[in-house]
Amino acid sequence: MKRIEVVAAIIHDQQGRIFATQRGYGDMKDGWEFPGGKMEPGETPEQALRREIWEELRTHIVIERWVYTVEWDYPKFHLTMHCFWCNIEGGQPVLTEHEAARWLEASQIDDVDWLPADREVVDHLKGSL
């Protein structure tokens, strides 16, 4: 089975909300996820995450800490997703690849249709939000 390693940003704001994005392309179009993407050869997870967030949201983030790594089998590939707790360094996100985004209060975390691997992250976070 094909293996894919990615990084994801769990972006939070001062009000305790979490930033979720809706995929605008591919087999999982319309599913909700934490923004991020594939690591390139030679990149650390943190370098990849900063690059991906700049490419997808045109904003810079501060990576505070690693939170969780998900191992998930999708029908066509195995996903390893390293998730980091982050905040926005400045400015507002601009969507370049996603079709929508939402800031979710803790009480709204289940209001979107999370992709399966991201759902595992949400379930992991619920005790700390």
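Quick note: structure is the one above.
Just so you know, the residues in each chain are numbered from 1, in the order the chain's sequence is written. Residues qualify for local features only when their pLDDT is at least 70, as the model is predicted, and side-chain atom pairs are given and counted only at 80 or more; totals for whole chains, interfaces and linings, by contrast, use all residues. Only heavy atoms go into the side-chain values, all of them from the structure, while hydrogens and water stay out.

Trainee: Any details on the pairing of strand β2 (residues 18-23)? Residues and values, ideally.
Mentor: In terms of burial, β2 is a largely internal element, 6 of the 6 residues being buried. Going residue by residue along β2, you find Ile-18, Ala-20 and Gln-22 tucked away on one face and Phe-19, Thr-21 and Arg-23 tucked away on the opposite face as well. A pair of strands is labelled paired if DSSP reports no fewer than 2 bridges between them. Working definition: helices are DSSP H or I runs of at least four residues, strands are E runs of at least two. Numbering for both runs from the N terminus. Summarising the sheet, β2 and strand β7 (residues 98-104) pair through 6 bridges and their orientation is antiparallel. If you follow Gln-22 over to β7, its bridge partner there is Ala-100. Across 2 bridges, β2 lies against strand β3 (residues 32-33) in antiparallel orientation. Summary of the burial criterion: residues with accessible area below 20% of their type's maximum are buried, those above 50% are exposed, and those between are partly exposed, where the area comes from a 1.4 Å probe applied to protein chains only.

Trainee: Please give an account of the layout of surface pockets that cites residues and values.
Mentor: Approximately 580 Å³ is the volume found for the largest pocket. When its residues are assigned to classes, the lining of the largest pocket shows 14 nonpolar, 2 polar and 10 charged. There is about 210 Å³ of room inside the second largest pocket. Detection works on a 1 Å grid of protein atoms alone, calling trapped sets that fit a 1.4 Å probe cavities and calling open sets with protein on both sides within 12 Å along at least five of seven lines pockets, with lining residues defined by an atom within 4 Å of a point. In terms of lining, the second largest pocket is formed by His-12, Asp-13, Gln-14, Gln-15, Arg-17, Asn-87, Ile-88, Gly-91, Gln-92 and Trp-103. Grid points are joined across faces, edges and corners, and a volume is the space filled by probe spheres set on the points. As a working rule, the residues Ala, Val, Leu, Ile, Met, Phe, Trp, Tyr, Cys and Pro are called nonpolar, Asp, Glu, Lys and Arg charged, and the rest polar, with Gly in that last group.

Trainee: Help me get a handle on the side chain of Glu-43, residues and values and all.
Mentor: By the element assignment, Glu-43 lies in the loop between β4 (36-38) and α1 (45-57). Owing to a relative accessible area of 18%, Glu-43 belongs among the buried residues under this scheme. Contacts: residue pairs with any heavy atoms within 4.5 Å of one another. Contacts of Glu-43, omitting those with residues within four sequence positions, involve Lys-38, Ala-48 and Arg-51.

Trainee: So what's going on with helix α2 (residues 116-125)? Which residues, and what values?
Mentor: Of all the residues in α2, the buried ones are Ala-117, Asp-118, Val-121, Val-122 and Leu-125. With its buried residues spanning 145 degrees around the axis, α2 presents them on a single face. Think of it as the arc spanned by the lines of direction from the helix axis to the C-beta atoms.

Trainee: Just give me the short version of unusual backbone geometry, but keep the residues and values in it.
Mentor: Positive phi, close to 80 degrees, is recorded for Asp-30, a residue that is not glycine. Along the polypeptide, Asp-30 turns up in the loop between β2 and β3. Judged by relative accessible area, which is 35%, Asp-30 ranks as partly exposed. Unlike most non-glycine residues, Arg-58 shows phi in positive territory, near 50 degrees. Among the secondary structure elements, Arg-58 is positioned in the loop between α1 and β5 (60-73).

Trainee: Describe in detail the pairing of β5, supporting the description with residues and values.
Mentor: Pairing of β5 with strand β6 (residues 77-90), which is carried by 12 bridges, proceeds in the antiparallel orientation. Looking at the pairing, Glu-71 lines up with Thr-80 of β6.

Trainee: Could you give me a rundown of the sheet that holds β3, with the residues and numbers involved?
Mentor: Across the sheet, 3 strands lie side by side as β3-β2-β7; this open sheet has antiparallel pairing. Two strands bound the open sheet, and with one partner strand each, they are β3 and β7.

Trainee: Describe the packing of aromatic side chains, with residues and values.
Mentor: Stacked, tilted and edge-to-face pairs are distinguished by plane angle, under 30 degrees for stacked and over 60 for edge-to-face with tilted covering the rest, among Phe, Tyr and Trp rings (Trp via its six-membered ring) whose centres lie within 6.5 Å. One pass over the full model with this rule turns up 4 aromatic pairs. Between Phe-19 and Trp-103, the aromatic rings sit 4.9 Å apart at their centres with planes inclined by 55 degrees, giving tilted as the arrangement. Highlighted residues: Phe-19 in strand β2 and Trp-103 in strand β7, separated in sequence by 84 residues. Owing to a relative accessible area of 4%, Phe-19 belongs among the buried residues under this scheme. When its relative accessible area of 22% is taken as the criterion, Trp-103 is described as partly exposed. Ring centres of Tyr-74 and Phe-77 lie 5.1 Å apart, and the angle between their planes is 35 degrees; on these two criteria the pair is classed as tilted. Taken together, the aromatic side chains of Trp-72, Tyr-74 and Phe-77 make up a single cluster linked through ring pairs. By the criterion adopted, a ring carries a charge over it if an Arg CZ or a Lys NZ lies within 6 Å of its centre and within 35 degrees of its normal. Note that Arg-23 overlies the ring of Tyr-25, its terminal NZ or CZ placed 4.6 Å from the centroid.

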